[in-house]
Amino acid sequence: MFVPECYREPDGSWMAELVRRNPLAQLVTNGPAADGPRVTHLPVIRDPAMTGDWPPDLSGGLLVGHMNRANPHWAALESGTTALLTFTGPHAYVSPTLYGVTPASPTWNFTAVHVRGVLRKIATIEETLEVVKATVRAFERDFGSELGVEWDMTGSLDYFRSIVPAVGAFRFEVTGADGMFKLSQEKEPEIRDRVRQCFAQRDSGRHREAAALMGRLMQTSPAGDVSGN
């Protein structure tokens, strides 16, 4: 992924957070020349076996995911395959009406992380079941009931065991990552703040999340500094 220097994240924790908060990834691998790349949307989480913090470029980290074994993509995957996982974060259209200058052009603010690594298939049913259970725990913690009570999966474990033979799970050994946080850094501070305020006032969750990231970025970088460092 091409990332202009001014759109790079302040530090690797931004990439790790985007991956955690936006876990529906795209798994991309090479396919036959006649068909082109293979792509599957699937849930991906940090491997519970991983200890310590994420490195700045996420290299050395571990992720786990799963997909339907009936998917031809699963049959085509081989352990040791080099693959790409893409994660998309908050994004929103920016109208030139917010700039107050002419000439101007519209743009789209967006955030994304592309994670490169080596995929290894998980061989056993029990390990696959552990990936499914870990995914449930992670999602219940981060996205579960608004009542603040995580769903207790205990009563559904037998059901999980009945369907898990149809699930293909994998570990993903991260070799590196690129983060794109395009949040109006190239604009003057007052314009950036107008864009941020406009996003914050919208009903859309992704607009408000983009506004929150813009606010954090403006606090991280001195006024007028768009270097991303």
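Residues numbered from 1 in each chain as written. Predicted model: local features only at pLDDT ≥ 70, side-chain atom pairs only at ≥ 80, totals over all residues. Heavy atoms only, no water.

**Q** Looking at this model, I keep getting lost on the overall build of the protein chain. Mind explaining?
**A** Secondary structure summary: the protein chain contains six helices and six strands in total. Traced from its N-terminal end to its C-terminal end, the protein chain shows the element sequence α-β-β-β-α-β-β-α-α-β-α-α. Along the first, second and third principal axes, the C-alpha atoms of the protein chain reach 60 × 50 × 35 Å. In the protein chain, of all internal contacts separated by at least 6 residues, the share reaching a separation of at least 24 is 74%. Taken together, the 23 basic and 27 acidic charged side chains of the protein chain have centroids lying 3 Å from each other. (Helix = DSSP H or I, 4+ residues; strand = E, 2+ residues; numbered from the N terminus. Contact = heavy atoms within 4.5 Å. Lys, Arg positive; Asp, Glu negative; His and termini not counted. Charge placed at Lys NZ, Arg CZ, Asp CG, Glu CD.)

**Q** Please explain helix α1 (residues 12-21) as it appears in this structure.
**A** Because the α-helix completes a turn every 3.6 residues, residues three or four places apart line up on one side. Within α1, the full set of buried residues consists of Gly12, Trp14, Met15, Ala16, Leu18 and Val19. Where α1 is buried, its residues meet β3 (62-68), β4 (81-94), β5 (107-121), β6 (167-182) and α6 (205-220). (Buried < 20%, exposed > 50% of the residue type's maximum accessible area, 1.4 Å probe, protein only.)

**Q** Looking at this model, I keep getting lost on the nonpolar core. Mind explaining?
**A** A general feature of soluble globular proteins is that nonpolar side chains tend to end up buried together. Core analysis: the biggest nonpolar cluster contains 40 residues, and Leu58, Leu63, Leu85, Phe87, Val115 and Phe172 have the highest contact counts within it. When near neighbours in sequence (up to four residues on either side) are disregarded, Leu58 contacts Gly12, Met15, Ala16, Val113, Val115, Val174 and Ala177. Residues Met153, Leu157, Phe160 and Val164 belong to the second largest nonpolar core, which totals eight residues. (Core = buried A, V, L, I, M, F, W, Y, C linked by side-chain atoms within 4.5 Å.)

**Q** Explain the packing of aromatic side chains here, please?
**A** The relation between two aromatic rings is expressed through the spacing of the ring centres and the mutual angle of the planes. Summed over all chains, the structure comprises four aromatic pairs. Ring geometry for Trp151 against Phe160: centres 6.3 Å apart, planes inclined by 50°, an arrangement best described as tilted. For Trp151, a relative accessible area of 41% gives the class partly exposed. The ring of Trp14 carries the charged tip of Arg216 above its face, separated from the ring centre by 4.4 Å. (Phe/Tyr/Trp six-rings, centres within 6.5 Å; stacked < 30°, edge-to-face > 60°. Lys NZ or Arg CZ within 6 Å of the ring centre and 35° of its normal.)

**Q** Which parts of the structure should I look at to understand the pairing of β3?
**A** Strand residues, when the strand is regular, have side chains that alternate between the two faces of the sheet. Summarising burial for β3: five of the seven residues are buried, a large majority. With three bridges connecting them, strand β2 (residues 38-46) and β3 associate as antiparallel partners. Paired with Val44 across the bridge in β3 is Gly65. For β3 and β6, the ladder comprises seven bridges, and the chain directions are antiparallel. The partner of Asn68 across the bridge, within β6, is Val167. (Pairing = 2+ DSSP bridges.)

**Q** Got a minute to help me understand the packing of α1 against α6 in this structure?
**A** When two helices pack together, you describe them by how their axes are tilted relative to each other and by the distance separating the axes. With their axes 14 Å apart at the nearest point, α1 and α6 run at an angle of 170° to one another. By the criterion of interaxial angle, the relationship of α1 to α6 is roughly antiparallel. Between α1 and α6, the residues in contact are Trp14, Glu17 and Arg21 and Glu209, Leu213, Arg216, Leu217 and Thr220, respectively. Residues belonging to the contact of α1 with α6 are distributed by class as follows: three nonpolar, one polar and four charged. (Axes fitted to C-alpha atoms, helices over the stretch in contact; angles between N-to-C directions. Parallel < 35°, antiparallel > 145°, perpendicular 65-115°, else oblique. Nonpolar A, V, L, I, M, F, W, Y, C, P; charged D, E, K, R; others polar.)

**Q** Is there a simple way to think about the environment of Leu157 in this case?
**A** Along the polypeptide, Leu157 turns up in helix α4 (residues 157-163). Classification of Leu157 by relative accessible area gives buried; the value is 18%. On a C-alpha basis, the gap between Leu157 and Leu129 in space is 9.1 Å, while along the polypeptide they are 28 residues apart.

**Q** Got a minute to help me understand unusual backbone geometry in this structure?
**A** In this chain, Thr102 is followed by Pro103 through a cis amide linkage whose omega measures 0°. Along the chain, Pro103 falls in the loop between β4 and β5. Backbone geometry at Leu58 places phi at a positive 70°, although glycine is not the residue there. Considering the arrangement of structural elements, one finds Leu58 in the loop between β2 and β3. Despite not being glycine, Ser184 shows a phi value in the positive range, around 65°. Accessibility expressed as a relative area gives 1% for Ser184, which makes it buried.

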